[in-house]
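So you can see what is in the structure, the chains are spelled out below.
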Amino acid sequence: MSRETLVRMARDVLSHGHAKTIAKADDFYKLPASVYFDKTRNQQEKDLIFKRLPIVLGPSAEIANAGDFKTMEIVGTPIILTRTADGSVKGHLNTCAHRGALISSEKSGNAKRFTCPYHGWTYSNEGKLIGVASSHDFGQIDKNCFNLISFPVYERAGVIWGILNPDSKIDFDVFISDYDKMIANFGFENWSLFAQRTISGPNWKAGYDGYLDIYHVPILHKNTFGPKVSNRPLYYSWGPHQRVCTVSLSKDKVRAVLGYMSDLVDKPEDDWDMQTLLYGVWTVFPHASIASFLGGDRDLEGSDEGVPGHRGVMLSVLYPGDDVNEHFTTQYYLMETPPTDPEGIANATAQFDLLEEIVGQEDYNMGRSQVKSLMGGGLKELTFGLNEKGNQNFYKWVDKVLEAKDDEELNAFFKSLGKEKGIPAENKKSAAA
Ligand code: FES
Ligand SMILES: [Fe+2]
């Protein structure tokens, strides 16, 4: 079912490649410059986006085994994610029901229970209060009324989402709009986490722009991706989630991350492999992206390119920081089969380091200087062109989310965006088929 959708997208990318066309936005889009630095607006985004929508909390592989847990602080809210004995993931506020201390200050680990370091109340990883220190002195309480505060968690396609509002009425299926079924084609449930790191960057939207924007790639990344790579994007969307491919028939070394379908040219469609069909950047609204890389090699090319089992993706998840001018990106490098030999490990490590340089130095330094320049107040509005449709969509949809009065309105909005947008419903088989 979803392979057929991937094939239709690949046909579309190839036909644009042969015709040398892209699918343009209808018009220019103007964005007030203050969106990047206004503190009131930034707080609204934290409250109405990050504390209200389903957000990505990490890959399943990060807490793969029963008892695994990790803690995070997201827009000021401390949380703890646990994998319980039945294999399911639970999300709780990392806040003791007694007087509010963090029940765990460890970043990650494996534990069935957590004992609060303040007065010693103990909770199961299901979030239940199971022990009150000196309970005869504390007084009689109904333990059921003092469990950790839990919030909705969804694990799909090897990725974990959560909604920080415990009373949310958001319909996750409407929000995800079958995009999880597309991502499921990677098979992340069986992949491993090779490495992860967290880096800082500019205002979260200035950071996120780069994941949707292909226009900048041969210019800003001329020293890493190279000056000859394509800057011509195609966007396909499910609800608010956009996949980005690039129109090019070249076999450039960046074809996996940019989503060229050149590896399929002259191949019968029945032989189109899932690895290539999934190339490109799969952004997850409002703050994450999954980008494919070949093989794990220091120059992005992959010494064993095209060999199933050696591919990797970088899952990047962005969270606003305390300051409007800062955000944090956690980069997860997931591999289908992580290398075990020293050379393979060194190559994959070098590739991951290169990605940190590209994003952390090139993209995020540009974002920092861009926002600083805008804060000068001279330019009141930015202009997104017809070839920046993905960014146009993002800002329009962020505004809709901020305007939505309640979760019902959000559900209706996400539903209105439809599925498989931008993919021709029927298109001809490729000439080679
Ligand atoms: S605050 Fe946790 S036991 Fe008192
Ligand atoms: Fe970039």
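Residues numbered from 1 in each chain as written. Chains lettered and ligands numbered in written order. Predicted model: local features only at pLDDT ≥ 70, side-chain atom pairs only at ≥ 80, totals over all residues. Heavy atoms only, no water.

Explanation requested: the domain arrangement of the chain in the structure shown.
Size of an interface, as often reported, equals the accessible area lost when the parts are brought together. Per the domain assignment, the segments making up the chain are domain 1 (2–53 + 170–416) and domain 2 (58–156). For domain 1 and domain 2, the distance between their C-alpha centres works out to 32 Å. Each partner contributes to the interface: domain 1 provides 17 residues, whereas domain 2 provides 11 residues. For the pair domain 1 and domain 2, the two sides together bury roughly 1200 Å², of which 66% comes from carbon and sulfur. (Domains from an automatic or database assignment. Contact = heavy atoms within 4.5 Å. Buried area = accessible area lost by both parts, 1.4 Å probe.)

Explain the coordination of the iron ion (ligand 2) here, please?
Perfect tetrahedral coordination of a metal by four donors corresponds to 109.5 degrees between them, and perfect octahedral coordination by six donors corresponds to 90 or 180 degrees. For the iron ion (ligand 2), the full set of protein donor atoms is His-216 (NE2), His-221 (NE2), Asp-363 (OD) and Asp-363 (OD), and the range of their distances to it is 2.1 to 2.6 Å. Taken together, the four donor atoms coordinating the iron ion (ligand 2) span angles of 55 to 153° at the metal, a pattern that classifies the geometry as irregular. Within one chain, the residues serving as donors to the iron ion (ligand 2) are arranged as H-x4-H-x141-D. One exposure class covers both His-216 and His-221, and it is buried. (Donors = N, O, S within 2.8 Å, 3.2 Å for Na, K, Ca; no water. Tetrahedral: all angles 85-135°; square planar, octahedral: opposite > 155°, others 65-115°. Buried < 20%, exposed > 50% of the residue type's maximum accessible area, 1.4 Å probe, protein only.)

Looking at this structure, how should I read the nonpolar core?
When a protein is soluble and globular, its nonpolar side chains tend to lie buried together. Core analysis: the biggest nonpolar cluster contains 114 residues, and Trp-282 and Phe-414 have the highest contact counts within it. Here this core takes nine residues from helix 10 (residues 342–375), the largest share from any one element. Taken domain by domain, the makeup of this core includes at least three residues from each of domain 1 (2–53 + 170–416) and domain 2 (58–156). Sequence-distant contacts of Phe-414, defined by excluding residues within four places in its chain, comprise Leu-53, Val-174, Phe-175, Ser-177, Gly-239, Pro-240, Phe-285 and Val-401. (Core = buried A, V, L, I, M, F, W, Y, C linked by side-chain atoms within 4.5 Å. Helix = DSSP H or I, 4+ residues; strand = E, 2+ residues; numbered from the N terminus.)

Would you explain the pairing of strand 4 (residues 77–83) in this entry?
Moving residue by residue along a regular strand, the side chains alternate between the two faces of the sheet. Across the seven residues of strand 4, six count as buried, placing the element largely inside the fold. Sheet analysis places strand 3 (residues 68–74) next to strand 4, joined by six bridges and oriented antiparallel. Within strand 4, the position partnered with Thr-71 by the bridge is Ile-80. Linking strand 3 back to strand 4 in an antiparallel pair, the connection comprises two residues, with Val-75 at a positive phi of about 40°. Across five bridges, strand 4 lies against strand 5 (residues 89–93) in antiparallel orientation. Considered in strand 5, the bridge of Arg-83 is made with Val-89. Linking two consecutive strands that pair antiparallel, namely strand 4 and strand 5, is a turn of five residues; a positive phi of about 90° is found at Gly-87 within it. (Pairing = 2+ DSSP bridges.)

Looking at this structure, I do not really get the confidence of the model for the chain. What am I missing?
The predicted coordinates should not be examined in detail at positions where pLDDT is low. Mean pLDDT for the chain: 94, with 95% of residues reaching 70 or above. Across residues 303–308, where pLDDT falls below 50, the model places 10 contacts with residues more than four positions away in sequence or in other chains. (pLDDT = per-residue confidence, 0-100.)

Got a minute to help me understand unusual backbone geometry in this structure?
For residues other than glycine, phi is negative in most cases, and the peptide bonds are mostly trans. Omega for the bond connecting Phe-285 with Pro-286 falls within 30 degrees of zero, at 5°, which places this linkage in the cis form. Structurally, the position occupied by Pro-286 is in the loop between strand 16 (281–284) and strand 17 (288–293). Phi angles above zero are rare outside glycine, and Ser-134 is one such case at about 45°. Ser-134 gets classed as partly exposed once you look at its relative accessible area, which sits at 43%.

Explain the sheet that holds strand 17 here, please?
Through backbone hydrogen bonds, the strands of a sheet pair up, either in parallel or in antiparallel fashion. The seven strands lie next to each other as 13-19-18-17-16-15-14, forming an open sheet whose pairing is antiparallel. Since the sheet does not close on itself, it has two edges, and those belong to strand 13 (192–201) and strand 14 (233–238), each with one partner. Neighbour-to-neighbour, the strand axes of this sheet turn through a mean angle of 20°, independent of strand direction. Looking at chain direction, strand 16 and strand 17 are connected through four bridges and run antiparallel. Across the sheet, the residue bridging to Val-281 is Ala-291, located in strand 17. In the packing of helix 6 (residues 204–212) onto the sheet, the strands contacted are strand 14, strand 15 (241–246), strand 16, strand 17, strand 18 (312–320) and strand 19 (327–335), and the crossing angle to strand 18 comes to about 155°. Strands strand 14 and strand 15 of the sheet are contacted by helix 11 (residues 389–403), whose axis makes an angle of about 170° with strand 15. (Axes fitted to C-alpha atoms, helices over the stretch in contact; angles between N-to-C directions.)

Got a minute to help me understand the sheet that holds strand 6 (residues 108–110) in this structure?
As summarised here, the arrangement of the five strands in space is 6-3-4-5-10, forming an open sheet in which the pairing is antiparallel. Two strands lie at the open edges of the sheet, namely strand 6 and strand 10 (150–151), each paired on one side alone. The pairing of strand 5 with strand 10 spans two bridges and is classified as antiparallel. Directly across from His-92, in strand 10, lies its bridge partner Ser-150.

Is there a simple way to think about the environment of Pro-166 in this case?
With respect to the helices and strands, the residue Pro-166 is situated in the loop between strand 12 (159–162) and helix 4 (172–176). Exposure remark for Pro-166: the relative accessible area of 36% places this residue in the partly exposed category. For the pair Pro-166 and His-92, spaced 74 residues apart in sequence, the C-alpha to C-alpha distance is 9.1 Å. Those residues within four positions of Pro-166 in sequence are excluded, and the remaining contacts are Ile-149, Ser-150, Phe-151 and Pro-152.

Can you walk me through the pairing of strand 3 in this structure?
With six of its seven residues buried, strand 3 lies for the most part within the structure. With three bridges connecting them, strand 3 and strand 6 associate as antiparallel partners. When the sheet's bridge partners are listed, Phe-69 is paired in strand 6 with Gly-109.

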